[in-house]
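Chains, contacts and geometry: an overview
Read off the chains here:
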There are 4 protein chains.
Amino acid sequence: MGRYATAARGRTELFFASDNGAGVAPQILEAISAASRGVAAAYGSDEYTKRAEQALNEVFETETKVFLVATGTGANALALSALARPWEAIFCHEEAHVHDDECGAPEFFAGGAKLVGIPGLGGKILPDDLAETLDRYPRGLVKTVQPGALSLSQATEAGTLYRVEEIAALADLAHRAGVSVHMDGARFANAVVALGVSPADMTWRAGVDALSFGATKNGALAAEAVVFFDPKKAETFPYLRKRGGHTLSKGRFLGAQFEAYLKDGLWLELAARANAQAQKLADGLLAAPGVRPSWPIEANEVFVIAPTGRAERWLNEGARFYEWPTRSLANSLSPREGETLYRFVTSFETRDEDITAMCALAMK
Amino acid sequence: MGRYATAARGRTELFFASDNGAGVAPQILEAISAASRGVAAAYGSDEYTKRAEQALNEVFETETKVFLVATGTGANALALSALARPWEAIFCHEEAHVHDDECGAPEFFAGGAKLVGIPGLGGKILPDDLAETLDRYPRGLVKTVQPGALSLSQATEAGTLYRVEEIAALADLAHRAGVSVHMDGARFANAVVALGVSPADMTWRAGVDALSFGATKNGALAAEAVVFFDPKKAETFPYLRKRGGHTLSKGRFLGAQFEAYLKDGLWLELAARANAQAQKLADGLLAAPGVRPSWPIEANEVFVIAPTGRAERWLNEGARFYEWPTRSLANSLSPREGETLYRFVTSFETRDEDITAMCALAMK
Amino acid sequence: MGRYATAARGRTELFFASDNGAGVAPQILEAISAASRGVAAAYGSDEYTKRAEQALNEVFETETKVFLVATGTGANALALSALARPWEAIFCHEEAHVHDDECGAPEFFAGGAKLVGIPGLGGKILPDDLAETLDRYPRGLVKTVQPGALSLSQATEAGTLYRVEEIAALADLAHRAGVSVHMDGARFANAVVALGVSPADMTWRAGVDALSFGATKNGALAAEAVVFFDPKKAETFPYLRKRGGHTLSKGRFLGAQFEAYLKDGLWLELAARANAQAQKLADGLLAAPGVRPSWPIEANEVFVIAPTGRAERWLNEGARFYEWPTRSLANSLSPREGETLYRFVTSFETRDEDITAMCALAMK
Amino acid sequence: MGRYATAARGRTELFFASDNGAGVAPQILEAISAASRGVAAAYGSDEYTKRAEQALNEVFETETKVFLVATGTGANALALSALARPWEAIFCHEEAHVHDDECGAPEFFAGGAKLVGIPGLGGKILPDDLAETLDRYPRGLVKTVQPGALSLSQATEAGTLYRVEEIAALADLAHRAGVSVHMDGARFANAVVALGVSPADMTWRAGVDALSFGATKNGALAAEAVVFFDPKKAETFPYLRKRGGHTLSKGRFLGAQFEAYLKDGLWLELAARANAQAQKLADGLLAAPGVRPSWPIEANEVFVIAPTGRAERWLNEGARFYEWPTRSLANSLSPREGETLYRFVTSFETRDEDITAMCALAMK
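Residues numbered from 1 in each chain as written. Chains lettered and ligands numbered in written order. Predicted model: local features only at pLDDT ≥ 70, side-chain atom pairs only at ≥ 80, totals over all residues. Heavy atoms only, no water.

For chain A, the count of helices and strands is 14 helices and 13 strands. Here the C-alpha atoms of chain A give a radius of gyration of 20 Å, agreeing with the 21 Å that 2.2 N^0.38 yields for 364 residues. Here the C-alpha coordinates of chain A stretch approximately 55 × 55 × 30 Å along the principal axes. Expressed as a percentage of its 364 residues, the buried residues of chain A come to 66%. Taking the intrachain contacts of chain A between residues at least 6 apart in sequence as the baseline, contacts between residues at least 24 apart amount to 77%. If you sum the accessible surface of chain A, you get close to 11900 Å²; carbon and sulfur atoms cover 51% of it. Treating the 37 positive side-chain charges of chain A as one cloud and the 45 negative ones as another, the clouds have centres 4 Å apart. (Helix = DSSP H or I, 4+ residues; strand = E, 2+ residues; numbered from the N terminus. Rg over C-alpha atoms; globule rule 2.2 N^0.38 Å. Buried < 20%, exposed > 50% of the residue type's maximum accessible area, 1.4 Å probe, protein only. Contact = heavy atoms within 4.5 Å. Areas by Shrake-Rupley, 256 points an atom, 1.4 Å probe, with all protein chains shown as cover. Lys, Arg positive; Asp, Glu negative; His and termini not counted. Charge placed at Lys NZ, Arg CZ, Asp CG, Glu CD.)

As structure tokens, then:
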């Protein structure tokens, strides 16, 4: 969702457009350099990848099947294609990244599966709405696509979070309908840190079958892990990944990134920093005249409703952030005439001085 | 082609299994580190990518349309899907990488197009064989798939090279049948260096419409460029790449790799080193008892026929290389009873001492 | 939409489940028999097909490109795959047959295109809703699927009809966004008759680019015509149809069916009969206690809201019709507690005595 | 294979171009007319279809899962898509109909699976060649497509027949490699009659998992049955057929055709007539000057090598048959300078006087 607010090219650039705009954490850069020494087996049969897989097993406190890829869209689309068949439905929030921002990648990888968007405030699906939607796709009714997979985003496109029990309730409904559960964890680390729960509790213990575990937005160069908690569902994945062109020949560099990302809790530390900066930014923005909140700021994304004219001034002064058209806002909160909803994203690299400058600018 | 010869785990590992086993050239590693500083626009709208595109235009002496991706299979399959429609044939050598080693990626990306393998000695297609094949797919005959694209590998899977005039002859046949021409240049640099011709002469001036220009095997971490010489054929590519999950969010790191790869002729220097090591290795191997040549060693791959028992000893001593089943060898050269064809690959990192050790081992 | 109301197996069967349940009009059966004599060219190159194509040109008062197939789902999915590319959106009513009742056929044939459902009362899309939806898929924004095709059902899934000027308004919006317009005319004849307009006015003169012109529901054995009004959009169709397995070998029997269907206005006569029976049935049903209308009865489908208990009695007495869950009903009209929406369909074969019997049953 | 020999438009038309050119057997036409009376459940839930399924169970002496469709390409492509996954290989003769004459339908339906053609004289695959091919696709080697299905044509494209023990030997090789076995029985009846074996012996008892059982070429209007002998392999078929647009709404007419086709051995009688006419035609043609045999005439197709000039005269006189380019002829039998291979096909409708006239013409 969301089109780019006209990028200003002012003196200072206050970058809050996306956590994709950040660089690579130094520890990960070093790991890449170190991994470059000597020869290594290709296509993910190397020692770096094996150690990364082991580290993921430890993080999730269980034996997983892990496949590393370079992009989030690749991770999501491949995971969904392992869970849903071409004549099945993939249920997701109507503004989910997989539905709106991947140019049809899930449909492509899943051979023409149908993405079924479910509305919900603040980017979240409610159990009742999922139940009602599942009812519209009865198993065995040949004329409709069949229930296949549910994809939950954690954090959501609105930067909000599902509580563990909310995930469990949705997953339970899904499983009872024979539907597998995928979690799009492009900002998984931010969610884990914000909720203070264990990765295991937030995934397989709550019923998640497969996770796209993102590292790129949170400090990696390009590394995402598709984590299967049910090994049977992973059986076809090596072929899916290969024919998708997502099996890196020098796979060791994916392994090395993930190894460094998970080592000594780096991933949590980086996410904690991004989340904290979001809170500071939100405090500052909401103190500005005419700026008011939308849904709660829970991870590293700040959504505020601001007077359109003022926000355009900020853009002209060099700030970069998005206007954010959405149907995910309660009517009572909808932007009024002269107002717009905006998204600001912080990352592990967002500097205190940029927060300060942005908040000062917002007061103008 | 080719199954892995049992990997030995001896004291010293003499690695000639693939140029995929090499690390990253230091200049490229440095460029990655440097690019990590500061924020950058995502998805390839950054300055690094722009400079890489400019550098590619200079290398090819023409205005191109360039798209950077992380894998060779991604580059090939996406390029072919831009050139051929789902009900068309993609012609290639019967042992081409796109046909045999990408788990059906071209078929997947091209929506079910049919790969039609053409036999030919030493991995090369002869014009007469292409002409005869084209005849079997007449345009407008609805029951057969239609002629769509021709994919030429340069260097070929057999490590051999098409001469510029050979490319031109094949491209001319293709174009006269309304067939677009793709070049799989996973080892494009090795070919340029070996033939001593300009990249422009070897591609668009000879009739190539789109090139997969590989950097990964020759010193990059993970970077391939899909280069279109006809901008009209590139129009759908942004969507194809996005829905294939091949648009990297931190695209600047693809740009930075390619910028460094092309700067001051680094790419040619690295390839020259790999090629030279291949010649030395070939000399040494062919001096060994019972070892005899197959097709000419032209780039950085060495194919020799050796007594099976002896070669197994080398493997047991720690050498790593592949046995290479092929139908691309003239009958007169076929391995005899007790012989096998083997492939050794050198890279820009292959050390002189490894060549020496391998050649010494071969004498045993 | 709609699950089968428990089929009763009573003495008499009052069949209003679908116009698919009818047989074949005698004139068409005779044409099939006649066409069986002698040899004929295969795959649609026969004289019957040529005459059918000519008859269609006359019906539409223009030169068309016509392709005959045996099923409505085949016609729709193939037509849409000729109009939309795999990374594009196909816009339709959220309860359109192509979206809900074809098990993902359009997605399959269009290589993973995304069907985007637009809500609207009585099965119809309003121009404002189309405009708002088109806004969400801006051309050139790579991350979203691109605007591809609009599919309008005439008559709609709710049995209602677009007026010619409504079609023109929607088609105009679509064309201005570069979107092609398809009409699902499974019940095209019923719409033509009901509106009393010419086929040309209702299609190409109003901006329709391709039409699925159904004959099966209205008296054919199995025959649908995909009619292109813009020959350029038809160029790939022969290949699409062939590789979809929809090119009948004894194509003359499709031609013969259509020839007979169009001859002397048979198609209009059959549809007029079906429409008239629907009006009679509606009159009778709405006279029954507790039965009330939903949207207008415009073609050959009757939707009424009835007390659930009473309707179940009708089913037990041998009547066959569907309960019809929908989101296409104005809130003010929604079935109340103890009520259900039901669909009854009439065909050219529906007998007066069945109407009478059904209406008598409804009084019970 | 084969391009149409210039169709002559002479006085008399001696039609031997294809068994697709025939009409419908009177018994089947009558059954269609009879089935048209009254209402029937749609989409194959009718009584005619149930009886056809029962008749097929009797013909095959086992409980089968049957799905009726209208085209042979639909039957083949759907069956193969149920047996092979998108990243798998479908092995077939290199000139099989599924490979050469269906415009990529199997690739389309199977989501991009790769058809791997195996050469063989007279249209038949030899066990050694299958074994060698299977060796090139080892299970678990991720870079190559995986072994998926074997498709055998019976009768073959060359009109020849596999003996039961030949089928069993090929099926055994396939099954040991985990490969399912499909039989393309577009001319199944001709094969059963010619070999004098039971349908059960020629299929499931010999290891066939799924059969495309054709009726269209042998007297039906448009009817083919996909017969699964292993019910587990049929589980996804209802969805595959529906989203392929191959589920006829008035399914009763497929049921009625098959019921009549199988009743009282009509199918065998029709095939016996076609086969007998082929033998007579072969005798006559081979008596003509300069005409010589290719492979044995076993079913209803006659392949002869004739002087090109003479054959063109026959065409000019109104005979219709195909020239037949092939790689399936032993070198020793290849047409010499001035000769061409031609195909003549007979059907249940081929009249004695046409045979006589054709043979007389051949003497000219």
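Moving on from the coordinates now.
Our focus in this paragraph is the pairing of strand β6 (residues 180–185) of chain A. Residues and elements named next belong to chain A. In terms of burial, β6 is largely enclosed, as six of its six residues are buried. At this point the chain moves from strand β5 (residues 146–153), through helix α7 (residues 164–176), to the parallel β6, and the crossover so formed is right-handed. As paired strands, β6 and strand β7 (residues 210–214) are joined by four bridges and run parallel to one another. Paired with Gly 185 across the two strands is Phe 213, which belongs to β7. (Right-handed = clockwise from strand over helix to strand, strands pointing away. Pairing = 2+ DSSP bridges.)

Residues and elements named next belong to chain A. Residue-level pLDDT values for chain A average 95, and 97% of them are 70 or greater. Across residues 1–11 the pLDDT falls below 50, and counting only partners more than four positions away or on other chains, this stretch makes 33 contacts in the model. Here the predicted complex carries an ipTM of 0.96, next to a pTM of 0.96. (pLDDT = per-residue confidence, 0-100.)

Another aspect to go through is the sheet that holds strand β12 (residues 322–323) of chain C. All names here are of chain C. Sheet architecture is open: four strands sit in the order β9-β10-β13-β12, paired in antiparallel fashion. The open sheet has two edge strands with one neighbour each: β9 (292–293) and β12. Contacts between helix α12 (residues 266–286) and the sheet are confined to β9, β10 (301–307) and β13 (339–345), with β10 contributing the most and set at about 10° to the helix. (Axes fitted to C-alpha atoms, helices over the stretch in contact; angles between N-to-C directions.)

All names here are of chain B. Following both chains from N to C, one finds helix α6 (residues 127–135) and helix α7 (residues 164–176) inclined at 15°, their axes separated by 10 Å at the closest point. Of the possible angle classes, the one that applies to α6 and α7 is roughly parallel. Seen from above, α6 lies across α7 with right-handed handedness. Touching Pro 127, Leu 130, Ala 131 and Leu 134 of α6 are Ala 169, Leu 170, Leu 173 and Ala 174, all from α7. Partitioning the contact of α6 with α7 into residue classes produces eight nonpolar, no polar and no charged. (Parallel < 35°, antiparallel > 145°, perpendicular 65-115°, else oblique. Left-handed = near helix turned anticlockwise from the far one by under 90°. Nonpolar A, V, L, I, M, F, W, Y, C, P; charged D, E, K, R; others polar.)

Glancing now at the interface of chain B and chain A. Taken together, the contact between chain B and chain A spans 47 residues of the former and 47 residues of the latter. Buried area between chain B and chain A, both sides added, is near 3800 Å², and the carbon and sulfur share of it is 61%. Of all residues in chain B, Phe 108, Arg 243 and Lys 250 of chain B bury the most surface against chain A, accounting for 20% of the area lost on that side. Scanning the region where chain B abuts chain A turns up 23 residue pairs in polar contact (both at pLDDT 80 or more). (Buried area = accessible area lost by both parts, 1.4 Å probe. Polar contact = N/O pair within 3.5 Å; in protein donor to acceptor, adjacent residues only side chain to side chain.)

Residue and element names in this part refer to chain A. When the domains of chain A are assigned, the result is domain 1 (4–23 + 268–362) and domain 2 (26–266). Taking only C-alpha atoms into account, the centre of domain 1 sits 27 Å from that of domain 2. Taken residue by residue, the interface counts 25 residues in domain 1 and 28 residues in domain 2. Roughly 2200 Å² of surface becomes buried between domain 1 and domain 2 when both sides are summed, with 47% attributable to carbon and sulfur atoms. Two residues, Glu 94 and Arg 327, come together in a salt bridge whose shortest N-O distance is 3.6 Å. Between the two partners, domain 1 and domain 2, sit 17 residue pairs in polar contact (both at pLDDT 80 or more). (Domains from an automatic or database assignment. Salt bridge = Lys/Arg side-chain N within 4 Å of Asp/Glu carboxyl O.)

Our focus in this paragraph is the interface of chain B and chain D. Facing the 24 residues of chain B at the interface are 24 residues of chain D. Applying the counting rule to chain B against chain D returns four salt bridges. The partner of Lys 143 of chain B in a salt bridge is Asp 101 of chain D, and the shortest N-O contact between them spans 3.1 Å. Applying the counting rule to chain B against chain D returns 10 residue pairs in polar contact (both at pLDDT 80 or more). For the side of chain B that touches chain D, the secondary-structure elements that each account for two or more residues are α4 (97–100) and β4 (114–118) of chain B.

The next subject is the relation of the copies chain B and chain A. Rotating chain B by 180° about the axis while translating it 0.0 Å along that axis superimposes it on chain A, leaving an RMSD of 0.0 Å. The symmetry that links the two subunits is that of a two-fold axis. Both copies present the same face, since 100% of the interface residues in chain B are matched by interface residues at the equivalent positions in chain A. (Least-squares fit on C-alpha atoms with pLDDT ≥ 70 in both.)

The tally for this structure, following the rule as stated, stands at zero disulfides over all chains. As a non-bridged cysteine, Cys 103 of chain A has Cys 92 of chain A as the owner of its nearest cysteine sulfur, 15 Å distant. (Disulfide = S-S within 2.5 Å.)

The next subject is the pairing of strand β10 (residues 301–307) of chain B. Two faces make up the sheet, and in a regular strand the side chains alternate between them. Residue and element names in this part refer to chain B. Of all seven residues in β10, seven are buried; the element is thus mostly enclosed. Bridge analysis of strand β9 (residues 292–293) against β10 gives two bridges, and the strand direction is antiparallel. Bridge pairing in β10 links Arg 292 to Ile 305. Both β10 and strand β13 (residues 339–345) contribute to a ladder of seven bridges, which runs antiparallel. Note on β13: the bridge partner recorded for Glu 301 is Val 345.

Another point: the relation of the copies chain B and chain D. Laying chain B over chain D is done by rotating through 180° and shifting 0.0 Å along the axis; what remains is an RMSD of 0.0 Å. Looking at the interface residues of chain B, 100% of them are also at the interface in chain D, so both copies use one shared face.

This brings us to the packing of helix α12 (residues 266–286) of chain B against helix α14 (residues 352–363) of chain B. Two packed helices can be described by the angle between their axes and the distance between those axes. All names here are of chain B. At a minimum axis separation of 9 Å, α12 and α14 run at an interaxial angle of 20°. Judged on the interaxial angle alone, α14 and α12 are roughly parallel. Crossing handedness for the pair α12 and α14: right-handed. Contacts between α12 and α14 pair Gln 277, Lys 280, Leu 281, Gly 284 and Leu 285 from the former with Asp 352, Ile 355, Met 358, Cys 359 and Ala 362 from the latter. Partitioning the contact of α12 with α14 into residue classes produces six nonpolar, two polar and two charged.

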